[in-house]
Amino acid sequence: MPTLTWQKSSYCPEGNSCVHLAGEPGAVRLTESGDPRGAILTAAPAAFRSLLRTLEKEQDRD
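Reading the values: rules and limits
- Numbering of residues begins from 1 in every chain and follows the order in which that chain's sequence is written.
- A pLDDT threshold of at least 70 governs which residues receive local features in this predicted model, and a stricter bar of 80 or more applies before side-chain atom pairs are shown or counted, although totals over entire chains, interfaces and linings include all residues.
- To get the side-chain values, take all heavy atoms of the structure and skip hydrogens and water.
- Counting from the N terminus, the helices are the DSSP runs of H or I reaching at least four residues and the strands are the DSSP runs of E reaching at least two.
- Buried residues are those whose accessible area, probed at 1.4 Å on protein chains only, stays under 20% of the maximum for their type, while exposed residues exceed 50% and partly exposed ones sit between those limits.
- When checking whether two residues touch, look at their non-hydrogen atoms; a contact exists if any pair is within 4.5 Å.
- To measure how exposed things are, a 1.4 Å probe is used in the Shrake-Rupley method; for residues, cover is taken only from the protein chains shown.
- For salt bridges, the criterion is a side-chain nitrogen of Lys or Arg within 4 Å of an Asp or Glu carboxyl oxygen.
- We call two strands paired when DSSP finds no fewer than two bridges between them.
- Confidence per residue, as judged by the predictor, is encoded in pLDDT with a range of 0 to 100.
- Note on geometry: axes are lines fitted to C-alpha atoms, helical ones only across the stretch in contact, with angles between N-to-C directions running from 0 to 180 degrees.

Turning our attention to the overall build of the protein chain. When helices and strands are tallied, the protein chain shows one helix and four strands. Going from the N terminus to the C terminus, the protein chain shows its helices and strands as β-β-β-β-α. Per-residue burial over the protein chain gives 23% buried out of 62 residues. Put simply, of all contacts in the protein chain between residues at least 6 apart along the chain, 10% involve residues at least 24 apart. Accessible area of the protein chain: about 5000 Å², with a carbon and sulfur share of 53%.

Here we come to the pattern of salt bridges. This structure, assessed with the given rule, holds one salt bridge. Arginine 29 is the salt-bridge partner of glutamate 24, the closest N and O atoms lying 2.4 Å from each other. Look at arginine 29 and you get buried, because its relative accessible area is 14%.

Among the six residues in strand S3 (residues 27–32), five count as buried, and that is most of the element. The sheet contact formed by strand S2 (residues 19–24) and S3 spans six bridges and is antiparallel. Following the sheet pairing, leucine 21 is matched in S3 by leucine 30. The hairpin formed by S2 and S3 contains two residues between the paired strands, and glycine 26 there has a positive phi angle of roughly 80°.

Averaged over all residues, the pLDDT of the protein chain equals 84, while 87% of them reach at least 70. The weakest mean pLDDT in the protein chain belongs to strand S1 (residues 7–8) at 86; the strongest belongs to strand S4 (residues 41–43) at 93.

This part covers the environment of cysteine 12. With respect to the helices and strands, the residue cysteine 12 is situated in the loop between S1 and S2. The residues contacting cysteine 12, other than those within four sequence positions of it, are Ser17 and Cys18.

Moving on, we come to the sheet that holds S1. The sheet built from four strands is open, its strands ordered S1-S2-S3-S4 with antiparallel pairing. Only two strands of the sheet have a single partner each, and these edge strands are S1 and S4. Here two bridges tie S1 to S2, and the two strands are oriented antiparallel to one another. By the bridge assignment for S2, lysine 8 is matched with histidine 20. Lying on the sheet, helix H1 (residues 45–61) is in contact with S2, S3 and S4; it crosses S3 at an angle near 55°.

Here it is, written out as C-alpha cells:
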C-alpha cells in the first residue's frame, strides 16, 4: 500500500476519537485516530458517497 496522506474529520474535537480519511485512485480509506495503524477500512468512492448521503439524511431527521 502506498504512503497515504490522512486528513482528520472537520467534525472532530481535539482528542483521540477522530475519524481520518485518505483518498487514492479508486478508493477511500478510513481509520480511527486512537489506532491509526490498526484497522483501515477501504471503500469505493461511490459507496463512500452513499454513506455520506445516508448520514446527512439521518442528521436532517434529528
